[in-house]
Amino acid sequence: MADELAKAVAALRNAKTVAVLSGAGASAESGVPTFRASDGLWEGHRIEDVATPSGFKRDPALVWKFYNARRANVKTVQPNAGHYALAAMERHWKEFTVVTQNVDGLHQAAGSVRVHEIHGSLRRTRCTQCGIIRDRRLDVLAELPMCVDCGAMLRPDIVWFHEMLPPDVWQHAERAAETCDVLLVVGTSAVVYPAASLIPIAKQQDRASPATVIECNLTQTEASAMADIGLYGPSGESLPKLCAELGIPI
Ligand code: APR
């Protein structure tokens, strides 16, 4: 770990442009549950039931119950030391971008500004009919919230399985991966695509100099084979350690 930390510090010292790909593990120390429990359930639900368009069509009340519970949970949690370290890094580098699969808003709560939420946000609703997107913050919503503009049913503005990512947000994410000198891959199992494809994009061999990929995770993952450096342990510890070594105040 000491060697890997030194290598990570050296790579970051030389980097002009840094990108982050974060996943559920980045928020784990804040008390937000991660997704891939060994029983294949997601807080007691099958993913197909609560995170697919067909699940929503079948039982919108169940899906809203699930998301209203997640919204209520996120209201009670705070960013952790890892989120604050990334926000401090953003203040240090001119070009620093967070691409997150998380929908909890904790990067922004910690002070990160350039954040691309490729899987949407728990705060927002989208009308199933007129498509209007509204930031509802974490206010309590009805059991089956309806659109004030057209009266149709709202859905969470979350990207579910079998759905496309919002093209503009994805474009920013790809650009961040294509142009970074270092990609920090934090707390993701790297099994969900296209998010995980940002790692090979950063390492594309036809670039003049491929990015250095640093994985920060509790364990090895699908990303590990592509990572140049691995910092294995809680990101709430490894990211502040990186800041300390780099002399970045948090
Ligand atoms: N520090 C670092 N990593 C951690 C920590 C921690 N404290 N706790 C857990 N992890 C790691 C786990 O080892 C795991 O590799 O975080 C990862 C969490 O993986 P997933 O639960 O699969 O979450 P994620 O990769 O974000 O999932 C991607 O899947 O269902 C969808 O849309 C959902 O955005 C989500 C996507």
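Residues numbered from 1 in each chain as written. Predicted model: local features only at pLDDT ≥ 70, side-chain atom pairs only at ≥ 80, totals over all residues. Heavy atoms only, no water.

### Some remarks on the sheet that holds strand β3 (residues 115–117)
Link 1 in the chain: Pairing in this open sheet of 6 strands is parallel, and the strands run β3-β2-β1-β7-β8-β9 from one edge to the other. Because the sheet does not close on itself, it has two edges, and the strands there are β3 and β9 (229–232). If you compare each strand with its neighbour and ignore which way they point, the axes differ by 15° on average.
Link 2 in the chain: Pairing analysis gives 4 bridges linking strand β8 (residues 212–217) to β9, with the strands arranged parallel. From the neighbouring strand, N217 faces β9, where its bridge partner is Y232.
Link 3 in the chain: Sitting on the sheet, helix α1 (residues 2–14) is in contact with β1 (17–22), β7 (182–186), β8 and β9, with an inclination near 125° to β9. (Pairing = 2+ DSSP bridges. Helix = DSSP H or I, 4+ residues; strand = E, 2+ residues; numbered from the N terminus. Axes fitted to C-alpha atoms, helices over the stretch in contact; angles between N-to-C directions. Contact = heavy atoms within 4.5 Å.)

### Section: the environment of C127
Link 1 in the chain: You can see C127 is positioned in strand β4 (residues 120–127).
Link 2 in the chain: Between the C-alpha atoms of C127 and C150, which are 23 residues apart in sequence, the distance is 8.4 Å.

### Some words on the domain arrangement of the chain
Link 1 in the chain: As far as domains go, the chain holds domain 1 (2–32 + 79–119 + 165–246) and domain 2 (41–76 + 124–158).
Link 2 in the chain: Relative placement of domain 1 and domain 2: their C-alpha centres are 28 Å apart.
Link 3 in the chain: Counting residues at the interface gives 6 residues for domain 1 and 6 residues for domain 2.
Link 4 in the chain: With both sides pooled, the region where domain 1 packs onto domain 2 buries about 420 Å², and carbon together with sulfur makes up 55% of that total.
Link 5 in the chain: Taken as a group, V103, D104 and H119 account for 59% of the area that domain 1 buries against domain 2, more than any other trio of residues on that side. (Domains from an automatic or database assignment. Buried area = accessible area lost by both parts, 1.4 Å probe.)

### Some remarks on the site of the ligand
Link 1 in the chain: Every one of the 22 residues lining the ligand counts as a neighbour, but F35, R36, T188, S189 and N217 are closest to it.
Link 2 in the chain: Within the contact set of the ligand, an oxygen atom lies 2.7 Å away from a backbone nitrogen or oxygen of F35.
Link 3 in the chain: One of the backbone N or O atoms of G187 is found 3.2 Å from an oxygen atom in the ligand.
Link 4 in the chain: For the ligand, whose accessible area on its own is 740 Å², the fraction buried by protein is 90%.
Link 5 in the chain: When the residues that make up the shell around the ligand are grouped by side-chain class, the tally is 7 nonpolar, 13 polar and 2 charged. (Near = heavy atom within 4 Å. Polar contact = N/O pair within 3.5 Å; in protein donor to acceptor, adjacent residues only side chain to side chain. Areas by Shrake-Rupley, 256 points an atom, 1.4 Å probe, with all protein chains shown as cover. Nonpolar A, V, L, I, M, F, W, Y, C, P; charged D, E, K, R; others polar.)

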